[in-house]
Amino acid sequence: MKITPFNSFICNKYEQLSKGLFTTNDSRINALHDKAVKCFSENGLSEEKIDSIQQFAINKIAETAYTIQLTPAPYRPIEEYFRCKIQNIDTHMFAFLNGWYIHKSAPLTIFPNGVIVGSLMEAIKQYPDLVFPYLAKENISSNDIFLALNEALFIDGLFVYIPDNLQVSKPMQLVSIIDSKENLFVQQRNLIIVGENSSFSFVQCDDSLQFGNTFLNNVTEIFLHKNTRFNYYKMENKDANSILINQVFVQQRENSHFFSNITTFNAGHVVNVLKVKLLESFATAKLYGLYLVDKKQYVENQIFVDHIAPDCHSYQLYKGIADDEATANFNGHIVVRPNAQRTEAFQINRNITLTDNAKIMTKPFLEIYADDVKCSHGATTGQLDDEALYYLRSRGICERNAKMLLMFAFAIEIADSVEVESLKARQYEMIQKRLSGELSLCDQCVLHCSHEKLLEFDIDNIFS
Amino acid sequence: MLTIKNLHVSIKGKEILKGIDLQVNRGEVHAIMGPNGTGKSTLAAVIGGKESYEVTAGSITYKGKNLFDLSIEDRAREGVFIGFQYPVEIPGVSITNFMRTALDEIRQYRGLEPLTPVEFLKLMEEKKKMVELTTKLTDRSVNEGFSGGEKKRNEIFQMALLDPELAILDETDSGLDIDALRIVANGINQIKNENNAIVVITHYQRLLDYIIPDVVHVLFDGKIVKSGPKELAYELEEKGYDWIKNE
Ligand SMILES: Nc1ncnc2c1ncn2[C@@H]1O[C@H](COP(=O)(O)OP(=O)(O)O)[C@@H](O)[C@H]1O
Ligand SMILES: [Mg+2]
């Protein structure tokens, strides 16, 4: 056993939080925290298994005085300091500020149609029987340091429950805002449960208002029951000093349809982990991703699709552009278990590097234990097509714009997967802005756009 | 308008053009004919400004300017248009977006206001009719999945829209059936006027039944070995290129 500065940091924070600052006294939650923290206090980290991003995070923690905000800031209407400039995307918005759920008086809202949304900790108090069958179903180990870290230290997160037989037409949006001069350390834990025959779209954004060194390590667990449809949109626009680790675990029952679109417009250090388990037949998962990185940014996408049941389909299309000295890492793993006959699993990863110093790493990995399957994977990394550039320029288009047109054409294939039309249009615009260098990090919102419009919403009164 | 003197061009150390002299004036139509691999496309590429071609000797003057001083895009903005033998496919870039960007930049270079979307669409419609392009074609990605004939028509459509002063059309006729050939030739004839010049590079004389050249040049092994009136094209067709070789 080796207690590293990283381990002692976790253990210290844990002690600090245990002194009454975890907001629930539920023994099951305490057991969860306890079990996870043991990964750091007892087992240590097996150093040979630490990958580069883990090492980066460990170093960062050793050199940065991270703090946890121990109490929520007093309530202020969010619109006083946060302007969401999304236009035409009509969403129900929920927000976290520095890891704390923002609300006026009701930490949990139960709507007439049965939807429950709000603080996970409050949900544990009010509806433990609803939460515990789903919470923390992933096995943690000391190798999954970020999952263990989240489980050891999470204070709260968003809880969403969609009852059976409900088509929620308005997308729900979760905005996690960081607004602090401190170097914040935030572990957010979200749980989404979609009941049988229900459908629902969810947009998750990570924003910074001030650019201290922040370390966000979010875990979202999603449970899709029979015949559900769930669309998950994630947008990331982070500054150079921030670390964002976003882990999403999805469990799918029979004939459930999961769609995801994860777009990284800017990254400090961003790691997206997406693990999908196809537990019952005829479930489908369509996973799309786009990453646009430049300067010294780092983005990593780790995907794991587990075909457990027969007759399930999965499809992955991830694309990325790396400029300057940026690094993008794609790690796609598909497992087809012995029982998963008639599986169809496809994976494509396409990359463009704009300079010799930009780095793309792509590791597709197919593991197949069933015989009647259709599977394929493909990865490409290349430059912009010189012939196409010449063609565009020969019509009078300058080199910069010719490159933009080609990059835009490359990137929008991912935006085209978006079903919510208004969101698709916004993604188009944002990709265009990002590629032309207009989407800067000092924009207040990840969805910043030219038309200013204050989105009105009242935190406690969203569905009424 | 275009004066080429003693042009020598190499690709990867191999000399392709071995001393070309050519004078093209406003209002003229020139035809350059010659067997495969003699350097016709190379000549077009050098005029277009394509990289990786090494000019080892000679000069090209266009409208009194040294053409080699102009970037690829500035050549286009100065009115040079290359109709490509093999137009590339560009998935994801719509023809509309492509042409809009091109026209905006050309107009800006010339100190003109950009067209409004309505004006632009009107212009597109007009030019589409010229080459009998269907509506659908313009909504599609540039050349993606186009047949050979559609690609060539798309080149002439672009030419019509950009209205160049000097157009070099590289085998715009090859791969076209007789109807498509007529449409393409018709389009070119409508664009042609006394202020612009067109150089058609072709393999066969059949395009020249529609577009009457003022001068026909025969390019062979990197040199213009013969120039003459339009009748030269018929003679070539009759006697074949061996006739040139043997002379
Ligand atoms: N990119 C290239 N690299 C090497 N050789 C080339 C290249 N392009 C053309 N060539 C050679 O140059 C010669 C002339 O080609 P080209 O100009 O295309 O002829 P044409 O258009 O008259 O058929 C041919 O021998 C061809 O093989
Ligand atoms: Mg040729």
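The structure presented is a predicted model; accordingly, all values stated were derived computationally and were not measured.

Conventions we followed
- Residues numbered from 1 in each chain as written.
- Chains lettered and ligands numbered in written order.
- Predicted model: local features only at pLDDT ≥ 70, side-chain atom pairs only at ≥ 80, totals over all residues.
- Heavy atoms only, no water.
- Helix = DSSP H or I, 4+ residues; strand = E, 2+ residues; numbered from the N terminus.
- Buried < 20%, exposed > 50% of the residue type's maximum accessible area, 1.4 Å probe, protein only.
- Contact = heavy atoms within 4.5 Å.
- Areas by Shrake-Rupley, 256 points an atom, 1.4 Å probe, with all protein chains shown as cover.
- Salt bridge = Lys/Arg side-chain N within 4 Å of Asp/Glu carboxyl O.
- Phe/Tyr/Trp six-rings, centres within 6.5 Å; stacked < 30°, edge-to-face > 60°.
- Lys NZ or Arg CZ within 6 Å of the ring centre and 35° of its normal.
- Near = heavy atom within 4 Å.
- Polar contact = N/O pair within 3.5 Å; in protein donor to acceptor, adjacent residues only side chain to side chain.
- Donors = N, O, S within 2.8 Å, 3.2 Å for Na, K, Ca; no water.

Caption draft 1: Region of the structure containing the overall build of chain A. Looking only at helices and strands, one finds nine helices and 21 strands in chain A. Looking at chain A as a whole, 62% of its 464 residues qualify as buried. Across chain A, the fraction of contacts at a sequence separation of at least 24, relative to all contacts at a separation of at least 6, is 84%. When the accessible surface of chain A is summed, it comes to about 17,300 Å², and 47% of that surface belongs to carbon and sulfur atoms.

Caption draft 2: Up close: the pattern of salt bridges. Considering all chains together, one arrives at 34 salt bridges over all chains under this definition. A salt bridge links A:Lys234 to A:Glu236; the shortest N-O distance between them is 3.2 Å. In this structure A:Lys234 comes out as buried when scored by relative accessible area, which is 0%. For B:Lys63, the salt bridge identified is with B:Glu165, shortest N-O distance 2.8 Å. With B:Lys63 in the loop between β4 (54-62) and β5 (65-66) and B:Glu165 in the loop between α6 (148-162) and β9 (166-170), this pair connects stretches of sequence that are 102 residues apart. Several salt bridges converge on common partners, so that one network encompasses A:Arg393, A:Glu399, A:Lys403, B:Glu51 and B:Glu73.

Caption draft 3: Broad picture of the packing of aromatic side chains. Residue and element names in this part refer to chain A. Tallying each qualifying case throughout the model produces 18 aromatic pairs over all chains. Its end group placed over the ring of Phe132, Arg28 keeps NZ or CZ at 4.1 Å from the ring centre. The ring of Phe410 carries Lys319 above its face, with NZ or CZ at 4.4 Å from the centroid.

Caption draft 4: Expanded view of the site of ligand 1. Residues and elements named next belong to chain B. Near ligand 1 you find Ile11, Lys12, Lys14, Ile16, Pro35, Asn36, Gly37, Thr38, Gly39, Lys40, Ser41 and Thr42, and these make up its full shell. Lys14 is positioned such that a nitrogen or oxygen atom in its side chain is 3.4 Å from an oxygen atom of ligand 1. Take Gly37: an N or O atom from its main chain is 2.7 Å from an oxygen atom of ligand 1. Isolated, ligand 1 exposes 560 Å² of accessible area, and the fraction of that covered by the protein chains is 66%.

Caption draft 5: Main features of the coordination of the magnesium ion (ligand 2). All names here are of chain B. For the magnesium ion (ligand 2), the full set of protein donor atoms is Ser41 (OG) and Gln85 (OE1), at a range of 2.0 to 2.2 Å. Taken together, the residues span a long stretch of sequence, with Ser41 in helix α1 (residues 40-48) and Gln85 in the loop between β6 (80-83) and β7 (90-94) at a distance of 44 residues. On the basis of relative accessibility, which here comes to 31%, the residue Ser41 falls in the partly exposed class.

Any link to function would need more than the numbers given here.
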